[in-house]
Each structure stands twice: as C-alpha cells, then as structure tokens.
Amino acid sequence: MIFTLHIWRQKNENTQGRFVLYEIDNINGDASFLEMLDQLNEHLITQGEDCIVFDYDCREGICGACSLVINGYPHGQKSATTTCQLYMREYKNQSELWIEPWRASSFPVIKDLTVDRSAFDRIIQSGGYISVHTGCAPEANNTLVEKYAADESFNAATCIGCGACVAVCPNASATLFVAAKITHLALLPQGQIESKNRAKKLILKMQSEGFGGCSNHRHCTRACPKDISLQNITRMNKILG
Amino acid sequence: MSQLNANEPVGPLENRWKKHVFDLALIAPQNRKKYKIIVIGTGLAGSSLCATLGQAGYKVSSFCFQDSARRAHSIAAQGGINASKNYQNDGDSVWRLFYDTIKGGDFRARESNVYRLAELSNRIIDQAVAQGVPFAREYSGYLANRSFGGTQVSRTFYAKGQTGQQLLLGAYSAMSRQVENGRVTHHARSEMLEIITINGKARGVVVRNLVTGELSTHTADCVVLCTGGYVNAYYLSTNAKGCNASATWRGFKQGAYFANPSFTQIHPTCIPPTLENQSKLTLMSESLRNDGRIWAPKQAKDCEKNPKDIKQEDRDYFLERLYPAFANLVPRDVASRAVKHICDEGRGVGIKIHGKRLGVYLDFSDVIKKIGLAQVEQKYGNLFEMYQRITDDNPYLTPMKIYPAPHYSMGGLWVDYNLMTTLDGLFAAGEANFSDHGANRLGASALMQGLADGYFILPQTIANYLARNTFDKIKPNHEKVEQALNAAKARIEQLMNAPKARHSPEYFHQKLGKILWESCGMSRQRTRLEQAIDEIEVLQLEFWQTIKVTGIDQDLNQTLERAGRVADFIELGALMCKDALNREESCGAHVRMEHLSSEGEAKRDDKNYSFVAAWAYQQQGAKLHEQYLHFEFIKPSVRNYK
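A. Spotlight on the overall build of chain B. Each helix and strand counted, chain B has 16 helices and 23 strands in total. Its C-alpha radius of gyration of 24 Å places chain B within 12% of the 26 Å reference for a compact globule of 642 residues. Principal axes of the C-alpha set define a box for chain B whose edges measure 75 × 60 × 50 Å. Carbon and sulfur atoms form 48% of the exposed surface of chain B, whose accessible area is close to 22,500 Å². Chain B carries 79 positive and 67 negative side-chain charges, and their two centres are separated by 2 Å.

B. The domain arrangement of chain A, seen in detail. Residue and element names in this part refer to chain A. Each assigned domain of chain A is listed here: domain 1 (3-111) and domain 2 (117-240). A C-alpha centroid distance of 28 Å is found between domain 1 and domain 2. Between domain 1 and domain 2, the residue contacts involve 19 residues of the former and 20 residues of the latter. Buried surface at the junction of domain 1 and domain 2, both sides included, amounts to about 1,400 Å², of which 61% is carbon and sulfur. Interface area lost by domain 1 to domain 2 is led by Pro-74, Ser-106 and Phe-107, which between them contribute 37%. For the pair domain 1 and domain 2, the number of links is one salt bridge. Here Arg-117 ties to Asp-55 by a salt bridge, and the two come within 3.6 Å at their closest N and O atoms.

C. Expanded view of the interface of chain B and chain A. In this assembly, 81 residues from chain B lie in contact with 75 residues from chain A. Both sides of the chain B and chain A interface together cover about 6,400 Å² of buried area, and 49% of this is carbon and sulfur. The interface formed by chain B and chain A holds six salt bridges in total. Between Arg117(A) and Asp67(B) there is a salt bridge whose closest N-O contact spans 3.2 Å.

D. Just unusual backbone geometry, in detail. Despite not being glycine, Asn7(B) has its phi angle at roughly 50 degrees, a positive value. In this fold, Asn7(B) is placed in the segment before helix 1 (13-23).

E. View of the domain arrangement of chain B. Residue and element names in this part refer to chain B. Taken domain by domain, chain B holds domain 1 (268-406) and domain 2 (487-609). With centres defined by C-alpha atoms, the gap from domain 1 to domain 2 works out at 29 Å. Taken together, the contact pairs eight residues of domain 1 with nine residues of domain 2. Taking both sides of the interface into account, the surface hidden between domain 1 and domain 2 amounts to around 740 Å²; carbon and sulfur atoms contribute 65%. On the domain 1 side of the contact with domain 2, Asp-333, Arg-337 and Lys-340 bury the most area, a combined 55% of that side's loss. In this assembly, domain 1 and domain 2 are joined by zero salt bridges. The interface formed by domain 1 and domain 2 holds one residue pair in polar contact (both at pLDDT 80 or more) in total. Broken down by secondary-structure element, the contributors of at least two residues to the side of domain 1 that touches domain 2 are helix 8 (332-344) and strand 17 (400-409). Broken down by class, the residue content of the side of domain 1 that touches domain 2 amounts to four nonpolar, one polar and three charged.

F. Structural detail: the packing of helix 2 (residues 44-56) of chain B against helix 5 (residues 163-180) of chain B. Residue and element names in this part refer to chain B. Helix 5 packs onto helix 2 with a crossing angle of 35 degrees between their chain directions and a minimal axis gap of 8 Å. The chirality of how helix 2 crosses helix 5 is left-handed. Note on element contacts: helix 5 touches helix 2 through Leu-167, Leu-168, Ala-171, Tyr-172, Ala-174, Met-175, Arg-177 and Gln-178, opposite Leu-44, Ser-47, Ser-48, Cys-50, Ala-51, Gly-54 and Gln-55.

Procedures and definitions
Residues numbered from 1 in each chain as written. Chains lettered and ligands numbered in written order. Predicted model: local features only at pLDDT ≥ 70, side-chain atom pairs only at ≥ 80, totals over all residues. Heavy atoms only, no water. Helix = DSSP H or I, 4+ residues; strand = E, 2+ residues; numbered from the N terminus. Rg over C-alpha atoms; globule rule 2.2 N^0.38 Å. Areas by Shrake-Rupley, 256 points an atom, 1.4 Å probe, with all protein chains shown as cover. Lys, Arg positive; Asp, Glu negative; His and termini not counted. Charge placed at Lys NZ, Arg CZ, Asp CG, Glu CD. Domains from an automatic or database assignment. Contact = heavy atoms within 4.5 Å. Buried area = accessible area lost by both parts, 1.4 Å probe. Salt bridge = Lys/Arg side-chain N within 4 Å of Asp/Glu carboxyl O. Polar contact = N/O pair within 3.5 Å; in protein donor to acceptor, adjacent residues only side chain to side chain. Nonpolar A, V, L, I, M, F, W, Y, C, P; charged D, E, K, R; others polar. Axes fitted to C-alpha atoms, helices over the stretch in contact; angles between N-to-C directions. Left-handed = near helix turned anticlockwise from the far one by under 90°.

Here you go:
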C-alpha cells in the first residue's frame, strides 16, 4: 500500500511546529500504524534525517504510551483501539493521513508527536489511591465485595491513562480519566471511606493542572480505547454531591 | 568467605525467613530519612519497593525510561498471580506452591528463596486487595481463582486479562502517595547509563534525561535495579519495545555477576508473526489453554485449508496425544517445543514466513458447545477481542492460531538471599534478578516474585545493609563520579560518530535476534552455538564501525536510545550463547539436542550441572563461577508429563 502522510514536526515546546509531507510505499495491510511509522523512520535514517519522535512501548494496547491524532481522531477512527493496535488494512490504499500529537495545553508538546502527560501522574499523586500502609494488610477474604461492584470497579480501572479523552475534548477536560479513578476506588468497600475527599482532591488538581471542565460533549467515551463509560462521570458527580 | 555466599539461613525451611528477618539489623524510624536509596525501574518490583521504602521514611529517588511509572511492562501480564491461600480447598499449601515452583524450575533454584516466595504469596494478595486491586470475584463476594499453566490446583488470582495492569496500578498508586508525601522523588523519561562505584560499593548512577539528552549524576547509599528482563535480545518477543538489559549489563560490568543468562522462556501461546519486518509479538494469555484445544492437521496437504473443512479424524490434537495426563496444560517449554516441532515438520498453518508456516490451531469450539458462548465470553472476552483486533479473525467462529515467542528471562543478575548482587550495595529485584524460577518459570509466578521482592523482602534486607555499613559523604566532583559520567559521555559520542555510519539500530537488532532465535532458543546444540558466538563477534565489530544515529544527542533522540540498548544486547547475546554452550544438559525451558532421552525428552544432568552459572565480567571474556545447589527438602525428580 501507498500513503501520503502529513506529519506534525516540532523541535520542542518553545518552537513553532508544522506539517511535513512524506510519501511512503510498500506498506503491508497487516502492519500496525506504528510499524508503518517505524518503516518511515528507517527511510529517514538512510537519508541522514532526524527520526520522527512518537511515544510507544508495549505495542499491545495496554501500556497507554502511544498517542497520535490521526485524521482528527485520537488513536484513529476505529473504536476501542489504541494506535499501536490499529492496522493499515483499516485505511484505503493511497489515502492521505494527517498525523498530529495530542492537543491540550496541559499536555505540552515535547517534540514532534510526543507530549508531556505528567499532569496525569500529578492528579493521581494528589489522592488517586487508598491510603493503606504497605506490608500489613488484613486477610483478603475478610472484605467481601459484591460481584457486580467488583466488575464495575474493574471496568473503570481498565483506564490506561493515555489521554485520548483529553485530546478529543473541546474543553481539554480530563473528567473521564478522573471519574474512572474515583469510581474504581469508590465502588470497593476498602476505598469507600475516602471517596468523597478523594473525588474533591482529584477534581481540584485537574483544574489546577489547566484541564477544562466537563460540558457534556461526550466525545471522550467514544475516543477512549478502553471503552470507559460515561456512567463513571455520573457516579463521580453523585459522590461529589 | 567466597564471593558466592548466598547468605542462606539454615534450619527448618518454614522458619528461615522469619528467623532471618529477626536477625537483620533495623534502622530506627527517626534515622531513616538520613538514608537515600536509588531505584531504577518502576514495574511491580520497583514501584512496590518505592512505596514501601517511602512509607518507612527513607529518601527514595526513582527513575524510569517511560513517560510515567505506570507504563512499565508489568502491565502487560495477563493471566494472573499465584498464592497459596487454598481458598478452593483443593489441597494447596505454601509447601505445595514451593514444591511446584522448584519442580517447575527443573531443580535449578535455591530452596530457601523459593520457599520464602511461596510463603509471602498470601500477603501479596492481602496487600493488593487492600489497595483496591479489583480481582475477579464470585457471586458470594469472595475472591475467585483459576487453575493456570499446568498446575493441578486453582491458586491463581486474576483480574480478567489485566492482572499485571491492575497490580501495577495498585503499586503505582501506593508509590504516588509517597511522591505526594515528598519521600519519593520520581524521574520519568530518564535512562540509567552507568553505575557509580566507590570503594567497592554501588553509590550512585549516571542518568540521561531522555527529553534534553542531558547527563546527570545521582549519589545515594545503595542502588536497586528493578529493570526487568532481557528477552528483547531476540528482537521479536512479547516484551515491550523499550524493555532492555542496559541497566543490568552496566551492573555486570561493574562487578555484579550475571547468572544463568541462557535461561530464557519461550511462551507457547503467542500470535504468530505475519510480516517479515514485524516489530513485536503479542502474547495471548496462557489461561486460554485451560479451555482451548491445540491441534494441527495430520497431513501437510491440509495446512492451507480452512480449518472448518478439516475433519475431526484429520486433526492431530498433539498435546493430548503425546501427554494424556496433562494434555493441553503441559508446562510452557513442553508445549512450545511440541508446537515448534509440528511446524518444523511442515504441519504448521497460516502465512508462510521465510518458507515456513509458523502456527498451530487453538480451538474453542468444544468449550463453546459445552458451556455456551456467554460463559466463554465472560472468561476470555477481552482476550478474544484483542486477538480479533490484531489478526482480523474471529476466534468465536474460527480457531486461533498460536506460535511460541520469547517471553521471560529466568536468568539475570546473581543475588544472595538478601537480593544483593556481588557488587556491594547493588540490589536486583523482579525479573532483573535470577533468583526464584530456576530454569523455567511457572505461569502466574512473575507478578508474585516482583511484588514479594518489592513489598516484603528488600525493605528488610536494604535496612540491614544500611545499618551494617557506614557511608562517607560523596562530593559531586568525586573522581569516581566524574569517571562514570565520562564513560557515559564517551559511549554516546562513539554511538553518534561511527567511522562508517550506515545501518540503523533496528538492522543490528534484527540480525542479533535471528542469530539468537536460531541458536539459543528452545533447542540448542554445540555447533550452532559456537557458530552463533562467532557471528555475534562479527556483528559487534560491524556495529561499532557502521551504527548510524541521526539527529543530535542533546535532544529527545529515540534512535540514540535504541542504539545504546542494542549495543548491550549484542554483548549479552554472546554471553547467553556462551552459557548455553557450557550447560551440557537439557534443563527447564531449553533442550540441548545432544542430551535427549531415547524417547526424545529432555535429559537433565544433576551430577554435573546442578549449579547456578554465575558469570563475572572480565575484559578478556566472562569467567564462570559455579554455585552448586543443595536440595535438602525436595529430592530432584525427573519431570515427566506423559
């Protein structure tokens, strides 16, 4: 397959970026989107040019490192998929692809397609945990958890912290990310005690990190590669009261 | 005292760890903040250690190359975590988990270490549940278990196919709490390039800021490597692309012995390669073997057919045929070898790569008939989805295809019972050390080991080390600090300025991977290994002559990062082959073709090879130290899964 690529190149946070045009051929439909970019980078090395920087690690859709807005969609248009698990067979031969970094002021561009998502870590640090001491927990089966609650908690906990929800949101809000963490812990009896306080802390931190608020555009859940449900936001609002 | 004193306690096995903990020196709470500990890597071992040390009150500096501590490759573990809770009342016990792990490791691990691991397994589950890890539950609200990877008891705890992710989020959140408390200072996008050794003790590290390319030095009272395994040496593996051996290799070059480098595990249930320039392989959880049936066509002529058109009588359920007692649940190495054997015979299925079809079927049609689609979906839904996303095949309708792939390294830095390497003050935990899995690792045991090391073992043994040693203050311009910094600088310069720069890091990595997969994979033989060692030597020369890194070093430069890691993989690859060559026996995850029984099964040689092969770095070539293993409690038996 052949593709025309418009790739965002930016030297660092403080310089202006721009789209650069690349043509690439000989792409197998079974190659992943990132493997296609690998192939392009190999060409760039041959030509003596600096490679295009993009985040990746596990390449199996679980680590949350990969990003990329492809033709306007974070992680591409395919639902419930990370960029690393997007395959070139999803695109028509000879199509044109616009590849950009996550766009949000709380995620400043580091270089090319890579952004700084450490704001997410700081949100978790502000209270996204159960304050249990390590090393001296009670017997696990002493606390029973209703299966439905455990399953719903798990579903919320599947968030991989990639930031697609922020990238797609017109307000660049991290509400889905925050709500998922709040729900994950609040649904479990061991996390319930701190839940209101936790929710307040996380929301405040989200705001102070410069993320916008939620105004119900609901794009986040569609962009989410892990199908994190909007119900989490409802639950969070209930907890906040 | 020999350098390879494992510091194992003596006496009844059940009391060893308890007694050892009591004998270890302590640091009083008010004094802990005077000590600084560097932790490299934030997977299960690293982040759980940071959380525990931070809470105890030490000053901790942690580093990871990923953009967040939460992304370490522990997240990719799907299947589960073992513990000997015996919730299912099926006869499990600490002793049985210990026994299974020693036996699964083919009698190449230390009894004291493994018993401790089995003992601590239960506390890990307690800890994780308290942190809010959403394990699978029964309708009663109690924790659910499953049997996993060849064990005959249900002792595996799981969170659908995301057990690693959920456990790491638990440890990461506990670590985050300590970051907020100011006790842990975390540095993301930072790669350790050198260890600073002063007066024979590890006292710090040189780190490259991956965003700016800036090198900085950090000193402390001890250093802990929690940097994972090295099967990315094979190029194609189930590891994340960034997984590398550079930190452990720096440790090795500073005097930490590298143990059993040839002990790598090849996982049977991965998605087969479909492209010649594929970047990685994806693991499908082994739990799939609980219900899926593995088969290949009996006749090579059927290999191209749609599997639905192959009649029952033309299918060879080869694991059920060869190993009726364990059938599809035989250990990983047995399954992997059988699958590779079938494909080498020309009975593989799927797309031809380099002239061979690399795949066999993993079929769920029987279990779907038996328990219904809904039940199967409940158990394996997310794994099936993942498979379909990658292959475009629907495993509810057509059998999956699987093929073995490098997955885990049992080898790693040699450590004593305190998890300290032969370099004083340098500790290694999780997959980065060699300690608990012998020559093969059982499914659902890696998560257990990483967390046992981080939550429970190291916090005690590090305190002991700190209490029993004195630490001079180190000036920032100390000669040894400068020396380490200059070594890191010189290496980067060499990578950036090869005399005949021509080839990318990927070019060399793929070449190395091919050599290792063909010579030092599941089946090995002397001639191939000797040839591989020669080939790697040539490759290494070529690398330093022609490695091409574009861009500049004072910048975010992923090509430079990769080049440095590949350079270390090449050296490690040579040591893997050397170790494999030295081990004249079939053991654990690998067979030596020269050492097979008349039935073609692995033949272990306890008389001559019941030792840990610990290699010491020397410029003229690594030197072997043999640490013999003594089995006081379990008599080594021959594994037989027939």
